[in-house]
Each structure stands twice: as C-alpha cells, then as structure tokens.
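Breakdown of the fold
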Amino acid sequence: MLLIACPHCGPRDEAEFVCGGQTHIARPGPPETTSDAQWARYLFERDNPKGLHLERWLHRHGCGQWFNVARDTLTHEVKAVYGLLDTRPDVT
Amino acid sequence: MTGAFRTTTGGRIDRARPLSFRFDGRAFTGCAGDTLASALLANGVHLAGRSFKYHRPRGILAAGAEEPNALVGIDRGPGRYAPNLRATQVEIHDGLVAESQNRTPSLRFDIAALADFAAPLIPAGFYYKTFMQPAGWWAKLYEPRIRAAAGLGRAPRGADPDRYTQRYAHCETLVVGAGPAGIAAARAAAARGDRVILCDEQAEPGGSLLAETRARIDGLCAQDWLAAALAELAAEPRVTILPRTTAFGYFAQNFVALAERVTDHLAVPDPNLPRERLWQVRAREVVLATGAIERPLVFPENDRPGIMLADSARTYLARYGVKPGCRALVLAAHDDAYGAALDLAAAGMEIALIVDPRPAADGELPRRAMAAGLPVRMSATVVGTRGRLRVHEAHVGTIGADGGVRGVDVVSCDTLLMSGGWTPSVHLHSQARGKLAFRADLQAFVPGATPQACRSVGACAGEFGLQAALGPATRVEDDPVREGGFAGALPHDRPRARAFVDFQNDVTAKDLTLALREGFRSIEHVKRYTTNGMATDQGKTSNINALAIVAAASGRAIPEVGLTSFRQPYTPVTFGAFAGTSRGELFDPVRTTPIHGWAVAQGAIFEDVGQWKRAHHFPRPGEDMHAAVRRECAAVRARAGIFDASTLGKIEVVGRDAAEFLERLYVNSWKKLEPGRCRYGILLNEAGFVIDDGVIGRLAPDRFHVTTTTGGAARVLSMMEDYVQTEWPDLQIWLTSTTEQWAVIAVQGPKAREILAPLTEGIDLSRDAFAHMAVREGRVAGVPARLFRVSFTGELGFEVNVPAGQGRAVWEAIWEQARRHDAVAYGTETMHVLRAEKGYIIVGQETDGTVVPDDLGLGWAIGKGKRDFVGKRSLSRPDIAAPGRKQLVGLLSADPGHVLDEGAQIVAMRDPPPGTPALGHVTSSYWSATLGRSIALALVADGRARHGQTLFAPMPGGAVPVAVTGPVFHDPEGRSLDG
Ligand SMILES: [Zn+2]
C-alpha cells in the first residue's frame with residue numbers, strides 16, 4: 001500500500017486515493033482540426049514504463065482534489081507530488 | 001506424567017498443569033506451554049502426516065513455522081475447522097481436537113500409499129505429460145481423482161461463526177521477531193523515544209533465547225536475562241509487544257500486515273474477543289529480526305518419521321522438556337548439530353554416532369563433543385535409512401577423496417538429527433523488494449540493499465551468534481562460534497534412491513535434475529514444473545537445497561541460478577482476517593430512501609439497485625408479481641400512480657460558469673435554457689458512448705439541479721470534478737452531491753395534477769403556467785419543494801423534491817390524496833414497463849458502453865452548432881460514422897403472448913448455421929398491460945431501415961419470429977403528456 005503525500009492533506013494511505021493513470025495528456029481540440037490519429041492517440045494510447053511514471057491521483061476519500069505523482073513503477077517509490085497544473089518536476 | 005519422553009525438569013512448560021487433547025481420536029496429555037508437536041513428541045508420536053503426492057508417512061521435522069510435514073486440521077466445532085496448520089505452531093489447550101490429513105483411512109495405514117510403490121512411474125511433470133488426452137477428460141475424470149488423492153486438508157464447511165477485527169497502527173519502529181536481535185532493536189528504539197511495535201509469531205517472545213542453554217548474558221542465564229529485558233520493554237508505554245502475531249506481508253512504503261491470533265490457544269475464549277486481528281502497520285523504519293531456519297540435508301530416504309532438524313530436536317528438549325527419542329544418529333554438516341548432540345546426551349539420550357560429511361570440524365562445539373566422548377565420524381554421510389513408520393536404522397558410508405561413497409555400516413537409531421547449517425529468513429526483506437547477496441561461507445542468501453527504510457539484524461542478516469544479535473553493549477559469555485553448512489544433495493551410491501528436497505511437495509533431488517534434462521533452465525520454471533517451494537510452505541526448508549542441486553547439475557554458480565520469488569503470505573492467513581467485519585450485512589452498505597419504511601409496511605417486494613433497496617412492486621393479497629405489475633401499469637395510465645424516485649442521483653451545479661460547464665460536458669445546449677425550464681441531458685465519455693442521462697433543471701442563471709441515473713450518481717460527480725479540476729480550471733463552479741438531501745416523489749398519470757393541487761402552495765399547476773419540462777419552487781404539503789413537471793411514463797407527471805427528512809410525511813400526504821382518485825403506489829418494474837412502452841431508454845439496459853446517441857435515436861438532443869463537448873470528436877470517428885451500427889428498435893413477437901428473453905440474440909434467418917453473427921440483441925422485454933401484448937426493445941444492425949421486417953430470436957425451443965417496429969409503442973404523438 002503506497003503512502004502518498006496529498007499536497008493538501010499530507011501523507012495518507014493509498015486506500016484513500018484513486019489513480020487516474022498517466023498525466024500531462026492534453027485533450028486535443030478543437031474537434032474540427034483534430035485528426036482521427038491524434039484523437040485515437042488521446043483516447044487509447046498510454047505509456048507503460050518500467051520505472052518513472054507521471055500519473056494523476058485523486059484524494060477521493062479526503063479533500064477530493066486531483067494532483068500529480070511521479071512514481072517509480074518498479075520500486076513504488078513516490079519521487080514527487082505536485083499540483084495538477086504544475087509543470088513536470090525534475091526527477092528521473 | 002505427560003508422556004514417556006518428557007524430562008522431569010527443565011523447559012518452559014508447566015508440568016503442574018496437564019492438558020488433555022485428542023489427535024486422530026486418541027486421547028493424549030500434554031502440559032501448559034506445549035505445542036501440539038511437542039506434546040505428541042512427549043508421547044513418543046513422530047508420525048504426524050502423509051506426504052502430498054506419494055502418501056509417505058512423515059514425522060515432525062522442525063519446531064517452528066518452517067514445518068513442512070506435520071500439517072493438521074484443528075476442529076473447534078461447527079464452522080470452526082482450520083486445515084493445514086503446522087503442529088509446531090498450534091498451542092494445545094484442554095479439549096483441543098486435532099487430526100492428521102491426507103490419509104485414508106488412517107495415518108498408520110493409508111491405502112493411497114500405494115502411490116509410493118508406483119513412485120518410479122510418477123516423476124516430475126507426470127500430470128502434465130500423462131493427462132493431456134483425450135480432451136475433456138482432465139476436468140471430468142483426471143482432476144477430481146487427483147485432487148482426492150493428493151492435496152492437503154479439507155476446507156471448513158459452513159459459515160465461520162467467529163469474529164475478526166482489523167486495526168491500523170503507526171509507529172516509528174516496527175520490529176519483526178522478538179528473538180535476541182529483535183529485543184535489542186526494540187530496546188534501542190524505545191530508548192530514543194520511538195513508538196515501537198514488537199511482534200513475534202510465537203506464543204511467547206524470546207526466539208532462540210527460549211531454548212538457549214549455554215550462554216550467559218550480562219551474567220544471567222538467557223531466560224532470566226530475557227525476562228528482565230521483556231519486563232523493561234513492557235513497562236514502556238510507547239512499546240507494544242504482540243505475541244502470536246505473524247508479519248506475513250511487506251508492502252510499499254513500510255506498510256506491513258500482521259496477523260494476530262487472539263483466541264485459538266484458549267480452551268474457553270472470552271466471547272468479547274475476536275479470533276484474530278489483522279494489523280496494518282505503517283512504520284518509519286522496519287527492523288527485520290526474523291532469524292534463520294535450519295536446513296535439512298538431502299540424502300536417500302531422509303523423510304522417515306524420527307528424522308528431524310538437529311536444532312529443532314534440541315529446542316524440544318530445552319524449551320519443552322521433551323526428548324525426541326532414545327538413540328540418535330546425528331548427521332552434522334554444521335557445528336550446531338554437535339551442540340544439539342551435547343544437550344541431548346546430557347539429558348540422557350544415547351548418541352549412537354555423529355556423522356560429519358566434512359573432512360574436519362575443529363570448532364569449539366565439535367571439540368567439546370569429542371571431549372565428552374561422543375562418537376564422531378568425519379568424511380561420512382548417510383546413504384539410506386530403514387523403518388516404515390519410524391526410522392530404525394541408518395546406513396553410513398565413507399566419502400572418499402574423489403567424492404564417491406564407499407562401504408555401509410548399519411547404525412540402529414530411533415532418531416536421526418541433521419543440520420545443513422542455517423538459511424537466513426529473508427522472506428520479508430525480499431517482499432520489501434530488497435536485493436539479496438549470496439554468501440558462499442554460509443551457503444545462503446543474505447539481505448542486500450532495499451529501497452525501503454528497512455534493515456535486517458541478527459541471524460536473518462547472516463550475523464549469527466548472540467553477541468552479534470545483542471550488540472557490543474551486552475556482555476555475552478560462552479557463545480562459541482559455530483561454522484559449517486551444506487547446500488545441495490549429499491553424495492551417495494544409490495542411483496535409484498529418493499532423497500527428498502521439498503518434503504511438503506514430495507520433490508526429490510532426481511525430480512530437479514530430471515527437469516533440467518528436459519530443458520527447464522530458469523529456476524522459476526523448474527519450480528513450477530517440479531512444484532518445489534510451492535504451496536503453503538513456500539520453500540522455507542527446501543529453496544536453497546533445490547537451488548544448489550540445480551546449480552550443480554547445470555554447472556552454474558548458485559547466484560547465477562537466482563532465487564524464486566518469496567511470496568506473501570509468510571505463513572497462511574485466514575480469509576476471516578482479511579474479511580474482518582466486511583461480511584454479512586456489513587459487507588456492503590445498504591441504502592434506503594426516506595420512504596422505505598412506508599413501502600415495507602405496505603408489503604412491497606424490494607430489489608437491489610446498486611446499494612439501494614428499491615420497491616419493485618406492491619402486491620396485494622393473492623397477487624403474484626405479474627398481476628401486481630399489470631394492475632399498477634393500468635392504474636397509472638387510467639388514473640395515476642406515485643413512485644419513490646428518491647434514489648435518482650442529484651448534483652447541484654452552481655456558479656458563474658455553471659451553464660458553460662454543462663455546455664462543455666453534456667451533448668445538449670444549456671446556455672439558452674431559461675430559468676424555470678428543464679432539459680433531458682445526455683452525457684458521453686470521450687469515446688463518444690452514452691454513460692449517463694437525466695433531467696437537468698435551471699433554477700437560476702447560475703444554478704442547475706442535475707439528476708443522474710441511480711447507479712451513476714457517484715460516477716458522474718467524479719467525472720464532473722475531474723473536468724473542473726483538470727481540464728477547465730478556468731471555470732467558476734461548485735459541485736455538491738444532493739442525492740440524499742432530496743426525497744423525490746413521482747406523481748404520474750392523468751389525475752396527477754388533481755392529486756397535487758390541494759397540497760401545493762405558491763405554484764400555479766395549470767397547463768399554461770406550468771408546462772411540460774418546467775421546474776418551479778414552492779411548497780407541497782407545507783414543505784419547501786422543487787417541483788419538476790417531467791414524465792418517465794408518457795403521462796402527465798410531476799416529480800416532487802422535498803428535503804429528505806420530510807419525505808415520508810409528504811409521501812403520506814400525497815398518498816392520502818392519491819387514494820381519493822383510486823391511484824396506486826408503483827414500483828420499479830411498473831416504471832420499467834411504462835417507460836418501455838414509450839421507448840424511453842435506461843442507461844445500462846439499452847446501452848452497454850458501446851452505444852452513441854444516434855444509435856438510440858437521440859441524435860436530436862445534441863446541441864446544434866456546438867463546437868465541442870465531451871465525446872464530440874469521437875462521434876465522427878470512422879467506426880462510429882460507418883453504416884451498419886446497431887440501432888434501437890421495437891420488436892413485436894409474432895405470438896403476442898410470448899415475452900422475449902432479455903439478452904436474446906436477433907438474426908435474419910429462422911435457423912442460422914452455427915457461426916452466423918447476430919444482428920443484435922433484445923435489451924428490454926415486458927408484458928404490456930396497456931397494449932395487451934408483449935413488447936421488446938432491441939439494438940439491431942441498421943435497425944431503423946428494418947421497420948416492418950421479420951427477424952428471429954433463436955431460442956432453445958425454436959426460433960421466435962419478431963416484427964421490427966419503431967421503439968415507441970404507446971401514444972407516439974405524446975398526447976397524454978398534458979393529461
Ligand atoms: Zn487531500
């Protein structure tokens with residue numbers, strides 16, 4: 001069970017959170033200038049790295065806020081927690 | 001006297017407190033402090049189980065969690081049967097009932113032991129090779145037979161009447177293992193002010209100190225030092241000592257799961273206590289002091305009852321006052337076996353011979369043994385044993401300089417003690433994703449780096465001896481260095497003999513080399529093919545020997561071969577501990593509406609919708625469901641009905657940008673919707689598929705009352721939050737779940753207006769003042785209300801929203817009026833029938849996550865000229881724009897009395913050949929009282945172009961012809977909406 005430091009509430013158990021998958025995925029638009037291929041990538045294609053992964057988390061059973069987590073998928077180390085609209089942190 | 005093999009003094013058992021217990025129906029007596037294993041040994045019983053595959057008689061091998069053979073079932077009464085418990089960990093109490101496993105009819109005579117004579121025919125992978133053909137026989141014939149013959153204990157029958165609890169705990173230091181190293185770590189942590197949890201799987205903390213006979217610590221004997229150290233720890237308010245508590249799983253970020261056995265050791269447990277307690281501990285630092293497991297030696301016929309680990313035998317003597325036999329042969333590849341021989345000899349046991357495969361042993365303990373006159377033979381090994389239910393002789397051969405074994409001397413013995421050295425218990429370290437390093441001097445893996453705040457101390461770190469465990473500040477005397485260790489198979493000259501590596505899974509050295517010959521190289525594959533190290537045991541005594549055999553046979557070094565994964569749990573954990581209180585009524589919350597009690601009193605039959613209990617129908621005396629639903633349907637269409645719609649999801653969307661937000665989220669247009677008006681909203685996901693729907697009313701320019709499906713409420717709110725926070729943080733809106741704030745009473749039917757009129761204040765109910773799809777605020781039955789003029793039946797309809805606390809009172813007031821008009825209360829089934837007659841969809845019934853609005857004929861709802869909304873771009877994806885999509889249609893079966901099965905496939909031919917793809921399927925199907933016949937909704941390829949066609953629903957009794965129609969069966973012009 002991960003220990004995740006919610007930016008608003010502090011360290012909490014993973015059971016309070018929901019993972020929303022890969023982050024920093026911009027929704028393409030407007031529709032009329034978005035190609036089928038662009039839209040399909042947005043809908044269906046996600047990274048599945050062994051190692052650093054930047055992902056969205058929701059503190060559902062806490063403050064209800066979304067934020068970003070930089071996590072190592074192999075060691076489960078949480079390398080950074082940052083705001084949803086922040087730029088990606090300098091972690092490897 | 002509690003057994004012929006009990007010593008008169010010594011040990012930690014209480015000879016003054018005899019306890020009676022039964023094993024396989026026979027009565028025995030043990031002492032308070034005994035385990036089942038020690039009590040059986042005290043009575044001279046070694047035979048405790050039959051092996052998994054060959055049904056060979058097996059004895060007690062070890063004294064702790066690593067016991068692979070003596071697995072027993074404990075029967076504590078109906079529903080309280082626990083299989084596969086290690087007799088070495090079961091504490092006896094008065095009246096304990098235990099039984100052996102995997103034998104028919106008895107332990108001493110097991111007919112399935114014939115498998116043992118057929119053993120040459122049952123090599124590794126036998127099942128995989130033999131039972132492949134013919135197809136289908138595996139499931140029907142082979143597997144049931146094999147499962148009956150092989151296997152461990154039987155599962156308990158009946159519901160478990162015991163109670164289990166769960167606790168969360170936080171501490172700075174969690175110490176796993178209360179042996180000397182763990183106690184030292186706990187004392188150090190307590191001294192610096194930490195909150196400390198010290199857990200140990202045994203009944204009393206102390207680990208090896210409980211059986212220490214030689215060493216003196218700070219001038220005290222080990223047990224006195226232990227008592228003082230524990231008393232000091234127990235006096236610390238920030239220290240929690242948990243005996244009978246196994247740390248069985250180590251998860252990310254120092255989250256460790258502990259299973260505490262609270263009452264199993266008690267003859268009459270306090271009914272207020274749970275049977276077990278699951279601790280979920282988050283620790284700043286975890287100290288692993290899990291000790292080491294003595295390694296068996298792999299030699300021919302090393303599995304007979306009476307053959308034990310040497311230090312386990314010594315533990316039985318020192319801790320439980322039990323002599324394991326009368327005359328022992330000791331096979332010593334490690335100096336500790338000499339210590340065991342010395343202790344047992346001092347207690348009066350005859351040491352027939354100490355056989356040491358090493359060319360020389362000049363450690364302190366071997367020297368003491370020789371000085372004491374114990375017979376020792378170096379460069380020798382055991383090449384065979386005899387004895388069906390108990391070893392009675394060992395065959396000793398000499399290891400030559402070339403490694404070959406010559407000559408056989410027969411040594412009679414009733415006990416054979418072996419030691420291959422120690423394997424550090426690195427299970428939890430490995431679960432913590434720690435790396436392992438091989439130490440050739442120990443022939444074992446020790447902990448390496450770990451990504452977590454976790455360290456291993458004492459024997460589990462490969463640091464043996466009390467001084468290393470207790471640290472330099474504690475003075476330890478007479479704790480000599482012990483050396484040695486052997487991994488792999490000892491040499492012998494009997495190619496056909498079986499030398500067991502994994503006792504629990506009946507894996508021999510030959511099975512492992514066979515796997516290699518057959519091409520398995522990866523140790524993970526060898527493990528699965530041979531089953532070495534699997535099941536409840538997880539290879540505690542066998543892993544290293546198996547690795548060494550595989551390494552030697554494949555010409556690789558042990559670290560090259562690698563280790564198999566250490567899986568959770570360390571020892572088996574009951575399902576009850578995991579379930580905790582989440583069972584029965586507490587498994588899932590039950591949600592009821594404010595009107596629930598009224599429906600119960602009326603005799604409603606309920607259905608589960610998600611967590612909600614909803615009234616399905618209200619039968620009158622003598623009515624079955626069909627009759628009740630027919631009556632309810634007819635009454636609503638003829639007069640009126642009232643319906644509890646409180647479970648509808650409700651979300652208040654408020655703020656400057658509320659309309660803009662809904663505009664971006666729903667397919668519909670919202671900006672031009674005037675306050676006081678409602679609209680039927682459709683919500684898609686980004687893939688373009690319908691995921692929810694509901695009426696949304698605008699109460700004010702900046703305030704919307706959004707309704708969702710009953711099951712979709714939480715999902716829609718989450719989705720809204722997601723978009724607000726992550727896609728459109730520029731929007732100023734606030735979202736509030738109001739599902740449980742409002743009771744919703746639907747009043748539907750031509751008399752709806754007349755029913756509500758006497759109760760309504762501040763709202764003009766007239767047709768012109770209050771049109772269909774309008775919302776007003778006023779009072780109903782004196783209670784502030786939001787009144788929607790909406791219809792899910794096709795009749796004139798209102799939905800009365802009142803604060804939940806007054807829901808029942810308002811319902812009863814409306815019911816009073818309804819009865820004057822001979823109206824009914826109706827349930828969800830009637831609601832379903834009435835909406836289906838009108839072709840109204842239900843999300844999740846007409847949709848399945850692959851349906852776009854146009855498929856449902858709802859393309860009209862999409863706001864014209866809207867540039868974007870969630871899912872819009874997907875509606876022009878090639879697959880969705882392509883012809884041939886399944887579209888919503890109505891189906892009328894040729895026989896009007898035949899109600900189609902929901903889910904029935906629809907095809908174009910009466911008797912389609914196998915493999916013909918279906919055109920679609922029935923999504924809803926009912927008897928329509930209004931039409932006096934059956935109706936159905938279906939999704940059918942190109943359905944709208946098929947109106948008038950006859951299609952077929954193939955059923956077991958023959959295909960049912962159906963006519964395709966539009967989905968609206970009743971009042972297609974919508975005349976009834978205005979009453
Ligand atoms: Zn939070």
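Rules behind the numbers
- Residues numbered from 1 in each chain as written.
- Chains lettered and ligands numbered in written order.
- Predicted model: local features only at pLDDT ≥ 70, side-chain atom pairs only at ≥ 80, totals over all residues.
- Helix = DSSP H or I, 4+ residues; strand = E, 2+ residues; numbered from the N terminus.
- Buried ≥ 20, exposed ≤ 12 C-beta atoms within 10 Å, placed from the backbone.
- Contact = placed C-beta atoms within 7 Å.
- Rg over C-alpha atoms; globule rule 2.2 N^0.38 Å.
- pLDDT = per-residue confidence, 0-100.
- Domains from an automatic or database assignment.
- Nonpolar A, V, L, I, M, F, W, Y, C, P; charged D, E, K, R; others polar.
- Pairing = 2+ DSSP bridges.
- Axes fitted to C-alpha atoms, helices over the stretch in contact; angles between N-to-C directions.
- Expected span 1.5 Å × (residues − 1).
- Arc of directions from axis to C-beta.
- Parallel < 35°, antiparallel > 145°, perpendicular 65-115°, else oblique.
- Left-handed = near helix turned anticlockwise from the far one by under 90°.

Secondary structure assignment for chain A yields one helix and six strands. For chain A, the succession of helices and strands along the chain, N to C, is β-β-β-α-β-β-β. Expressed as lengths along the three principal axes of its C-alpha atoms, the size of chain A is roughly 45 × 30 × 25 Å. The burial tally for chain A puts 13% of its 92 residues in the buried class. Of the contacts formed within chain A by residues at least 6 apart in sequence, a portion of 48% connects residues at least 24 apart.

As a further point, take the overall build of chain B. The number of helices and strands found in chain B is 24 helices and 51 strands. Radius of gyration (C-alpha) of chain B: 38 Å, far over the 30 Å computed for a compact globule of 979 residues. Reported as C-alpha extents along the three principal axes, the dimensions of chain B are approximately 115 × 70 × 55 Å. Of all 979 residues assigned to chain B, the portion counted as buried reaches 51%.

Mean pLDDT over chain A: 94, with 100% of residues reaching 70 or higher. Mean pLDDT in chain A bottoms out at strand 2 (residues 10-13) of chain A, which sits at 94, and peaks at strand 4 (residues 52-58) of chain A, which reaches 97.

Mean pLDDT over chain B works out to 94, with 96% of the residues at or above the 70 mark. Scored as a complex, the prediction yields pTM 0.90 and ipTM 0.97.

Turning our eyes to something else, we now look at the domain arrangement of chain B. Residues and elements named next belong to chain B. The domains assigned to chain B are domain 1 (14-119), domain 2 (164-292 + 424-477), domain 3 (297-419), domain 4 (644-821) and domain 5 (872-978). Computed over C-alpha atoms, the centres of domain 4 and domain 5 are 31 Å apart. Opposite the nine residues of domain 4 that make contact, domain 5 presents nine residues. Residues of the side of domain 4 that touches domain 5, tallied by class, amount to two nonpolar, four polar and three charged.

Before going further, it helps to examine the sheet that holds strand 1 (residues 14-23) of chain B. All names here are of chain B. Read across the sheet, five strands follow the order 2-1-7-5-6 without closing on themselves; strand pairing throughout is mixed. Every interior strand has two partners, whereas the edge strands, strand 2 (26-32) and strand 6 (81-86), have only one. Averaged over all neighbouring strand pairs, the angle between strand axes comes to 35 degrees, with direction disregarded. The pairing of strand 5 (residues 71-75) with strand 7 (residues 96-100) spans three bridges and is classified as antiparallel. Among the inter-strand pairings, G73 is bridged to a residue of strand 7, identified as E99.

As a further point, take helix 22 (residues 807-820) of chain B. In an α-helix, one turn spans 3.6 residues, which is why side chains three or four residues apart end up on the same side. Residue and element names in this part refer to chain B. Helix length check: helix 22 (14 residues) gives 20 Å between terminal C-alpha atoms against 20 Å at 1.5 Å per residue, within 8%. Listed in full, the buried residues belonging to helix 22 are G807, V810, W811, I814, Q817 and A818. All buried residues of helix 22 fall inside an arc of 125 degrees around its axis, so they share one side. Exposed and facing more than 90 degrees away from the buried side of helix 22 are E812 and R820. Within two residues after helix 22, D822 carries a phi angle of roughly 60 degrees, on the positive side.

Moving on to the interface of chain A and chain B. Interfaces are often described in size by the accessible area the parts lose on coming together. At the junction of the two partners, chain A supplies 19 residues and chain B supplies 21 residues. At three residues, the largest contribution of residues to the side of chain A that touches chain B is made by helix 1 (residues 36-44) of chain A. Considered class by class, the residues forming the side of chain A that touches chain B number ten nonpolar, six polar and three charged.

Before going further, it helps to examine the packing of helix 12 (residues 509-517) of chain B against helix 14 (residues 543-553) of chain B. All names here are of chain B. Contact pair helix 12 / helix 14: the axes reach a minimum separation of 10 Å and the direction vectors enclose 45 degrees. Between helix 12 and helix 14, the angle is such that the two are oblique. Handedness of the helix 12/helix 14 crossing: right-handed. Contact with helix 12, carried on its side by A509, L512, T513 and L516, involves A546, I549, V550 and A553 of helix 14 and no other residues of that element. Taken together, the residues of the contact of helix 12 with helix 14 break down into seven nonpolar, one polar and no charged.

All names here are of chain B. Alignment of strand 5 against strand 6, held across four bridges, turns out to be antiparallel. Within strand 6, the residue paired with L71 across the bridge is R86. If you look at the hairpin formed by strand 5 and strand 6, you'll find five residues sitting between the two strands, and G77 has a positive phi there, around 110 degrees.

Let us now look at the pairing of strand 1 of chain B. Residues and elements named next belong to chain B. Note: strand 1 against strand 2, seven bridges, orientation antiparallel. Of the residues in strand 2, the one forming a bridge with L19 is G30. Turn length for the strand 1-strand 2 hairpin, with the two strands adjacent in sequence and antiparallel, is two residues, and the turn residue D24 shows positive phi of about 50 degrees. Sheet topology places strand 1 next to strand 7; three bridges connect them, and they run parallel. Bridge pairing links R22 to V97 in strand 7.

What follows concerns the environment of Q806 of chain B. As for its placement among the helices and strands, Q806 of chain B is situated in the loop between strand 44 (797-803) and helix 22. Sequence-wise, Q806 of chain B and P784 of chain B are 22 residues apart; in three dimensions their C-alpha atoms are separated by 9.5 Å.

This part covers unusual backbone geometry. Note the cis peptide between G29 of chain A and P30 of chain A, where omega equals -5 degrees. Look at the link from Q568 of chain B to P569 of chain B: it is a cis peptide, with omega at -5 degrees. Within the secondary structure, P569 of chain B sits in the loop between helix 15 (558-561) and helix 16 (575-579). The phi angle at H76 of chain A is positive, at roughly 65 degrees, despite the residue not being glycine. Within the secondary structure, H76 of chain A is located in the loop between strand 5 (66-72) and strand 6 (78-82). For M773 of chain B, which is not glycine, the phi dihedral falls at a positive 65 degrees. Secondary-structure assignment places M773 of chain B in the loop between strand 41 (760-761) and strand 42 (774-780). Look at M773 of chain B and you get partly exposed, because 16 C-beta atoms sit within 10 Å.

With that out of the way, let us pick up the sheet that holds strand 11 (residues 220-221) of chain B. All names here are of chain B. Spatially, three strands are ordered 11-10-29 in an open sheet, and the strand pairing comes out antiparallel. Each edge of the open sheet carries a strand with a single partner, namely strand 11 and strand 29 (476-477). Sheet topology places strand 10 (residues 216-217) next to strand 11; two bridges connect them, and they run antiparallel. Following the sheet pairing, I217 is matched in strand 11 by L220.

All names here are of chain B. Structurally, the position occupied by G890 is in strand 46 (residues 886-893). For G890, a count of 22 C-beta atoms within 10 Å gives the class buried. Residues G890 and V962, 72 residues apart in the sequence, show an inter-C-alpha distance of 9.5 Å. Ignoring anything within four residues of it in the chain, the contact list for G890 reads G839, I935, A936, L937, T965, G966, P967 and F969.

The subject of this paragraph is the packing of helix 8 (residues 336-346) of chain B against helix 9 (residues 364-371) of chain B. All names here are of chain B. The geometry of helix 8 relative to helix 9 is characterised by a closest axis approach of 8 Å and an angle of 35 degrees between their N-to-C directions. Every pair of crossing elements has a handedness; the one defined by helix 8 and helix 9 is left-handed. Mapping the contact onto sequence places Y338, G339, A341 and L342 in helix 8 and L365, P366, R368 and A369 in helix 9. Of the residues in the contact of helix 8 with helix 9, the class split is six nonpolar, one polar and one charged.

Now for the environment of N668 of chain B. Residues and elements named next belong to chain B. Within the secondary structure, N668 is located in the loop between helix 19 (658-665) and strand 36 (678-684). Along the primary structure N668 and F869 are separated by 201 residues, whereas in three dimensions their C-alpha atoms are 8.8 Å apart. Discounting residues that sit within four places of it in the chain, N668 has contacts with R679, G681, I682, A861 and G863.

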